[in-house]
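Report on the structure
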2 protein chains.
Amino acid sequence: MQSPLPQRLKSARKLAKLTQEQLSTKLGFDRSHGTARISQYETGKHAPDYAMAKNMADALGVPVAYLYCDDESLAKLLLAASKLSKQELDELVQKLS
Amino acid sequence: MQSPLPQRLKSARKLAKLTQEQLSTKLGFDRSHGTARISQYETGKHAPDYAMAKNMADALGVPVAYLYCDDESLAKLLLAASKLSKQELDELVQKLS
DNA sequence: AAAGTATATTAAGGAATCCTTAGAAAATGA
DNA sequence: TCATTTTCTAAGGATTCCTTAATATACTTT
């Protein structure tokens, strides 16, 4: 029952080609604690609250739900779907429902 | 920057036609505190950790990521996609990628 | 290979949040 | 209304997080 957030956060940050310090700066953190916190999130030592998760997801260009997705296929679906236009997305949803 | 979890949890529980006490029983909680905790989660007073969120999502038959989804269209997509077979889901992902 | 730099990780304690308890408030139905 | 079910809330002990300070790992250059 491990949280998928650590791994997903790390992979999303790598994909965005950011260091922990660059991400922490984007989030408006003081340099001194910023990287420590992000490291704690990525290693699973501590868990961010929702507001922080949302901020990080926005900074990394992934849907916040992606960080909590335990299913690999659904995770990929979220990433792909988030790149569709709102109209395309709604059409897809309609078709599946 | 409010968490979507309270609302999503409540609506998923309603959809499953369970009371807070029935859900708490399903989760193996002692009756005395079970409903208090679920109420605190649904009113946004407190936030569950990931393991608890996953347990609740499983008990309610929704993907755990759904509880954290702030986008309505993506939320609907997750619900619909979670009802597909693994093969259908993977084909859909392939098509979008 | 060593030194220097950048990047990432960790321990500890004060700060913040959660979980349990006990009870009260709403909602539902007879 | 009364009884019952269902949901909500305050308070404090228990737990977890955030900051600080320092160490560890990875990368570059010489």
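Keep in mind that this is a model prediction, so the values were computed, not measured.

Let's shift gears to the relation of the copies chain B and chain A. Turning one copy of the chain about an axis and sliding it along that axis gives the other copy, so a rotation and a shift relate them. Laying chain B over chain A is done by rotating through 180 degrees and shifting 0.0 Å along the axis; what remains is an RMSD of 0.0 Å. Here the transformation between the copies is reduced to the relation of a two-fold axis. Looking at the rotation axis and the C-alpha trace of chain B, the residue lying nearest is Ala65 of chain B, at 2.6 Å. When the interface residues of chain B are mapped onto chain A, 100% of them again lie at the interface, so the same face is used by both copies.

Turning our attention to helix H1 (residues 5-15) of chain B. Residues and elements named next belong to chain B. Considered for burial, the residues of H1 that qualify are Leu5, Pro6, Arg8, Leu9, Ala12 and Arg13. Lining the buried residues of H1 we find helix H2 (20-26), helix H3 (31-43), helix H4 (50-60) and helix H5 (72-81). Phi turns positive one or two residues past the end of H1, at Lys17, with a value near 55 degrees.

Counting from both sides, the interface comprises 31 residues of chain B and, opposite them, 31 residues of chain A. Roughly 2600 Å² is buried in total at the junction of chain B and chain A, and carbon and sulfur atoms are behind 78% of that figure. The three residues of chain B that bury the most area against chain A are Met1, Tyr50 and Leu77 of chain B, which together make up 23% of that side's buried surface. Between Asp70 of chain A and Lys54 of chain B there is a salt bridge; the shortest N-O distance is 2.9 Å. There are 6 residue pairs in polar contact (both at pLDDT 80 or more) connecting chain B and chain A.

The biggest cluster of nonpolar side chains holds 63 residues, and the ones touching the most others in it are Leu67, Tyr68 and Leu77 of chain A together with Tyr66, Leu67, Tyr68 and Leu77 of chain B. What Leu77 of chain B contacts, discounting residues up to four positions off in sequence, is Leu77, Ala81, Leu89, Leu92, Val93 and Leu96 of chain A.

Moving on, we come to the UniProt feature "domain: HTH cro/C1-type" (unreviewed entry) in chain A. Residues given the UniProt feature "domain: HTH cro/C1-type" (unreviewed entry) here are residues 9-67 of chain A. The distance separating the terminal C-alpha atoms of residues 9-67 of chain A is 6 Å; by composition the span is 63% helix and 0% strand.

The rules behind the values
Residues numbered from 1 in each chain as written. Chains lettered and ligands numbered in written order. Predicted model: local features only at pLDDT ≥ 70, side-chain atom pairs only at ≥ 80, totals over all residues. Heavy atoms only, no water. Least-squares fit on C-alpha atoms with pLDDT ≥ 70 in both. Contact = heavy atoms within 4.5 Å. Buried < 20%, exposed > 50% of the residue type's maximum accessible area, 1.4 Å probe, protein only. Helix = DSSP H or I, 4+ residues; strand = E, 2+ residues; numbered from the N terminus. Buried area = accessible area lost by both parts, 1.4 Å probe. Salt bridge = Lys/Arg side-chain N within 4 Å of Asp/Glu carboxyl O. Polar contact = N/O pair within 3.5 Å; in protein donor to acceptor, adjacent residues only side chain to side chain. Core = buried A, V, L, I, M, F, W, Y, C linked by side-chain atoms within 4.5 Å. UniProt positions renumbered as here; feature names shortened; annotations may be inferred.

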